[in-house]
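Structural overview
Listed below, chain by chain, are the residues.
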Amino acid sequence: MAPGAPRSGDAIFSSVERVNAELFTLTYGAIVRQLLTDLEEVEEVNKQLDQMGYNIGIRLVDEFLAKSNVTRCVDFKETAEVIAKVGFKMFLGVSASVTNWDADGTCCSIVLEDNPLVDFVELPDTCQGLYYCNILSGVIRGALEMVSMKTEVTWARDMLRGDDAFELQVKLLKQVPEEYPYKDD
Ligand code: MYR
């Protein structure tokens with residue numbers, strides 16, 4: 001498009017979206033950098049990012065359920081697919097795939113097809129042990145806890161650590177059965 005030429009609604013929308021995405025990525029980077037300065041220990045930063053994600057996840061799930069029209073999943077397998085295909089798309093604008101199921105269907109991997117959190121990011125050697133995207137594991141853990149699933153979410157592969165993908169391992173620890181809302185007296 002020639003400089004100064006009027007832009008269509010779509011072009012303006014996508015450039016606003018791009019700026020928002022960049023702002024989000026840079027803001028997240030600034031938060032991680034601040035935590036590294038304040039907490040010094042990389043392990044503490046990992047914990048803090050996970051906790052921040054958890055706090056977001058326990059709130060985010062309401063918005064997710066309201067916007068997505070997703071109904072109750074029949075099992076953990078369906079839940080994992082919903083997170084990968086609908087949740088990641090809704091909140092990060094990327095899709096993810098579910099793989100590596102264990103035999104009893106309680107542990108799987110979510111592999112991200114793209115990760116906007118790490119655009120522009122290069123970790124210095126001093127940050128070797130950092131799980132830069134740990135906020136995401138916390139978000140999933142928090143959101144699932146709100147729908148009665150206690151999980152452990154860890155990074156199995158991390159491209160910032162030299163791996164060939166971003167892979168989260170999600171392990172279902174406990175599924176709390178929901179109480180029937182009415183009691184017979
Ligand atoms: C159910 O009630 O069985 C459905 C549960 C769906 C939970 C989905 C949680 C969404 C989490 C979004 C993760 C986004 C990560 C960026």
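Counting from 1, residues in each chain are numbered in the order their sequence is written. Local features in a predicted model are, by the rule used here, given only for residues with pLDDT of at least 70; side-chain atom pairs are given and counted only at 80 or more, and totals for whole chains, interfaces and linings are based on all residues. Think of the side-chain values as coming from all heavy atoms in the structure, minus any hydrogens and water.

**Considerations on the overall build of the protein**
This is how it is decided: Going along the chain from the N terminus, every DSSP run of H or I of four or more residues is numbered as a helix, and every run of E of two or more is numbered as a strand. Two residues qualify as a contact provided that any one of their heavy atoms is within 4.5 Å of a heavy atom in the partner residue. Surface accessibility in these figures is a Shrake-Rupley result with a 1.4 Å probe; residues are shielded only by whichever protein chains are displayed.
A count of helical and extended segments in the protein gives 4 helices and 4 strands. Listing the helices and strands of the protein from first to last along the sequence gives α-α-α-β-β-α-β-β. Within the protein, contacts between residues separated by at least 24 positions form 55% of all contacts whose residues are at least 6 apart in sequence. If you sum the accessible surface of the protein, you get close to 11,500 Å²; carbon and sulfur atoms cover 53% of it.

**A closer look at the packing of aromatic side chains**
Note the threshold: Between the rings of Phe, Tyr and Trp (Trp by its six-membered ring), a pair exists once the centres lie within 6.5 Å; its type follows the angle of the planes, with under 30 degrees stacked, over 60 edge-to-face, and the other angles tilted. Only protein chains enter the accessibility calculation, which uses a 1.4 Å probe; a residue whose area is less than 20% of its type maximum is buried, one above 50% is exposed, and one in between is partly exposed.
Evaluation of the coordinates by the stated rule reveals 4 aromatic pairs. Taking 5.4 Å as the distance between ring centres and 90 degrees as the angle between the ring planes, the aromatic pair formed by Y28 and Y132 counts as edge-to-face. Here Y28 is found in helix α1 (residues 9–39), whereas its partner Y132 is found in the loop between β2 (107–112) and α4 (134–146), with 104 residues between them in sequence. Neither Y28 nor Y132 differs from the other in exposure class; each is buried. Both rings, one in W155 and one in F166, keep their centres 6.1 Å apart while their planes meet at 75 degrees; by these two values the pair is edge-to-face. Here W155 is found in strand β3 (residues 149–157), whereas its partner F166 is found in strand β4 (residues 166–175), with 11 residues between them in sequence. Side by side, W155 and F166 carry an identical accessibility label, which is buried.

**Here we look at the pairing of strand β1 (residues 96–99)**
Definition in use: By the convention used here, strands pair only if DSSP detects at least 2 bridges between them.
Only one face of β1 is buried, namely the one carrying A96 and V98, since none of S97 and T99 on the opposite face is buried. Here β1 pairs with β2 via 4 bridges, running antiparallel. By the bridge assignment for β2, V98 is matched with I110.

**Comments concerning the site of the ligand**
Operational definition: When at least one non-hydrogen atom of a residue lies within 4 Å of a molecule or strand, that residue is treated as near it. Nitrogen and oxygen atoms within 3.5 Å of one another constitute a polar contact, given that in protein one can donate a hydrogen and the other can accept it, and given that sequence-neighbouring residues count only through two side-chain atoms. Note that Gly is not counted as nonpolar here; it falls among the polar residues with everything else outside the nonpolar set of Ala, Val, Leu, Ile, Met, Phe, Trp, Tyr, Cys and Pro and the charged set of Asp, Glu, Lys and Arg.
Lining the immediate surroundings of the ligand are F64, R72, C73, G87, A143 and V147. In the environment of the ligand, an oxygen atom lies 2.5 Å from a nitrogen or oxygen atom belonging to the side chain of R72. Contact with the protein chains hides 98% of the accessible area of the ligand, taken as 480 Å² for the molecule alone. Counted by class, the shell around the ligand contains 4 nonpolar, 1 polar and 1 charged residues.

**Side note on the sheet that holds β2**
Where strands meet in a sheet, backbone hydrogen bonds hold them as pairs that are either parallel or antiparallel. Selection rule: As a rule, the C-alpha atoms of each element are fitted with a line to give its axis, helices using only the stretch in contact, and angles between N-to-C directions run from 0 to 180 degrees.
Judged by pairing direction, the sheet is antiparallel, and its 4 strands sit side by side in the order β1-β2-β4-β3 without closing on themselves. Of all the strands in the sheet, just β1 and β3 have a single pairing partner and so form its edges. Averaged over all pairs of adjacent strands, the angle between their axes in this sheet comes to 25 degrees, without regard to strand direction. Pairing between β2 and β4: 6 bridges, direction antiparallel. Residue pairing across strands places C108 opposite V170, the latter belonging to β4. The sheet strands contacting helix α3 (residues 76–92) are β1, β2, β3 and β4, and the helix crosses β1 at an angle near 160 degrees. Taken strand by strand, α4 contacts β2, β3 and β4, and its axis lies near 160 degrees from that of β3.

**With respect to a negative patch on the surface**
Threshold: Like-charged residues are merged into a patch within 9 Å and nonpolar side chains (Val, Leu, Ile, Met, Phe, Trp, Tyr) within 5 Å, provided each residue has over 30% relative accessible area and no salt bridge. Whenever a carboxyl oxygen of Asp or Glu lies within 4 Å of a side-chain nitrogen of Lys or Arg, that contact is scored as a salt bridge. Here Asp and Glu are counted as negative and Lys and Arg as positive; His is not counted, and neither are the chain ends. Note on charges: their place is set at NZ of Lys, CZ of Arg, CG of Asp or CD of Glu.
There is a patch of like negative charges on the surface, built from D38, E40, E41 and E43. Note that D38 resides in helix α1.

**Points about the confidence of the model for the protein**
As a reminder of what qualifies: One number per residue, pLDDT, summarises how confident the predictor is, and it ranges from 0 to 100.
Residue-level pLDDT values for the protein average 90, and 88% of them are 70 or greater. Two numbers describe this predicted complex: its pTM, 0.88, and its ipTM, 0.94.

**Digging into the environment of I110**
Relative to the helices and strands, I110 is located in strand β2. Owing to a relative accessible area of 0%, I110 belongs among the buried residues under this scheme. It is 7.8 Å that separates the C-alpha atoms of I110 and A80, two residues lying 30 residues apart in sequence. Sequence-distant contacts of I110, that is, excluding residues within four places in its chain, are made with A80, I83, A84, F88, A96, S97, F166, E167, L168 and V170.

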